[in-house]
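# Residue-level structural notes
Next come the chains, spelled out residue by residue.
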Amino acid sequence: MDALISQLQRQFRDHTISLYQQGFLDDQFTELKKLQDDGSPDFVAEVLSLFFEDCVKLISNMARALDQTTGAVDFSTVGASVHQLKGSSSSVGAKRVKALCVSFKDFCEAQNFEGCVRCLQQVDIEYKTLKSKLQDLFNLEKQIIQAGGIVPQVDIN
């Protein structure tokens, strides 16, 4: 059993470090993790669940606003949704999503339809990739706890 726990803890550390090294997460995620304690063991998962729900809504709003079949593209609506997504991605440490939002906002301000569509597609892919990778991390946490182990603190710096 100890060997299993050690293996899971090693996988958890490696996966966490890779998320930072690959640019999926930044220090804000570390700060968010610090807010989690025994009184709220699912705090980070709950915050990220809300973030991902917001992503779905905002991406849908942006897609509707960029739909040319309805007439003129509503760049102000797209820009407002991008701004909101940038803020929420920044607050949870979703580094790649935030970086894409910076470019996306520039395309909105320039009213560059093709650039906006490309960014929308990239944001959709990035948030789904991050969601999957974080789900893997949370599953590792659960496996460690179920095996009787302690989830290791991972020092990124």
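The rules behind each value
Residues numbered from 1 in each chain as written. Predicted model: local features only at pLDDT ≥ 70, side-chain atom pairs only at ≥ 80, totals over all residues. Heavy atoms only, no water. UniProt positions renumbered as here; feature names shortened; annotations may be inferred. Salt bridge = Lys/Arg side-chain N within 4 Å of Asp/Glu carboxyl O. Helix = DSSP H or I, 4+ residues; strand = E, 2+ residues; numbered from the N terminus. Buried < 20%, exposed > 50% of the residue type's maximum accessible area, 1.4 Å probe, protein only. Expected span 1.5 Å × (residues − 1). Contact = heavy atoms within 4.5 Å. Core = buried A, V, L, I, M, F, W, Y, C linked by side-chain atoms within 4.5 Å. Phe/Tyr/Trp six-rings, centres within 6.5 Å; stacked < 30°, edge-to-face > 60°.

Where an unreviewed UniProt entry is consulted, the chain appears under the name Histidine-containing phosphotransfer protein, with the organism given as Camelina sativa. As its UniProt record puts it under Function (unreviewed entry), the chain is described as follows: "Functions as a two-component phosphorelay mediators between cytokinin sensor histidine kinases and response regulators (B-type ARRs). Plays an important role in propagating cytokinin signal transduction."

It is worth spelling out the pattern of salt bridges at this point. The full count for this structure, using the stated rule, is four salt bridges. A salt bridge links K34 to E31, with the shortest nitrogen-to-oxygen separation between them at 3.2 Å. Taken together, the residues K34 and E31, both in helix α2 (residues 27-34) and three residues apart, mark about one turn of the helix. Take K34: its relative accessible area is 58%, and that puts it in the exposed class. Overall, E31 belongs to the partly exposed group, its relative accessible area being 38%. Among the salt bridges present, the one from R96 reaches E126, with a minimum N-O distance of 3.4 Å. Of the two residues, R96 is situated in helix α5 (residues 95-109) and E126 in helix α6 (residues 113-146); the sequence distance between them amounts to 30 residues. E126 sits in the buried class, given a relative accessible area of 15%.

Once that is clear, we can look at the environment of D14. Residue placement: D14 occurs in helix α1 (residues 2-21). Residue class for D14 comes out partly exposed when judged on its relative accessible area of 48%. Along the primary structure D14 and Q36 are separated by 22 residues, whereas in three dimensions their C-alpha atoms are 21 Å apart.

Our focus in this paragraph is helix α3 (residues 43-65). Along its 23 residues, α3 runs 33 Å from first to last C-alpha, staying within 8% of the 33 Å computed at 1.5 Å per residue. Along α3, the positions that sit buried rather than exposed are V44, L48, F51, F52, C55, L58, I59, M62 and A65. Where α3 is buried, its residues touch α2, α4 (75-92), α5 and α6.

Turning next to the nonpolar core. The biggest cluster of nonpolar side chains holds 44 residues, and the ones touching the most others in it are L48, M62, L66, L85, F104 and L134. Secondary-structure elements contributing two or more residues to this core are α1, α2, α3, α4, α5 and α6. Ranked by the residues each element gives to this core, the list is headed by α6, at 12 residues. Contacts of L134, omitting those with residues within four sequence positions, involve L19, L25, F29, L48 and F52.

Before going further, it helps to examine α4. Between its first and last C-alpha, α4 extends 26 Å over 18 residues, near the 26 Å set by a 1.5 Å rise per residue. Listing the buried residues of α4 in full gives F75, V78, G79, S81, V82, L85, S88, S89 and V92. For α4, the elements touching its buried residues are α2, α3, α5 and α6. The positive-phi residue at the C-terminal boundary of α4 is G93, with phi of around 85°.

When the UniProt feature table is mapped to this numbering, "modified residue: Phosphohistidine" (unreviewed entry) covers H83. Relative to the helices and strands, H83 is located in helix α4.

Quick look at the packing of aromatic side chains now. Under the definition given, this model contains three aromatic pairs. Considering the side-chain rings of F52 and Y127, the 6.1 Å spacing of their centres and the 35° angle between planes classify their relative orientation as tilted. With F52 in helix α3 and Y127 in helix α6, the pair connects residues that are 75 residues apart, well separated along the chain. With a relative accessible area of 6%, Y127 lands in the buried category.

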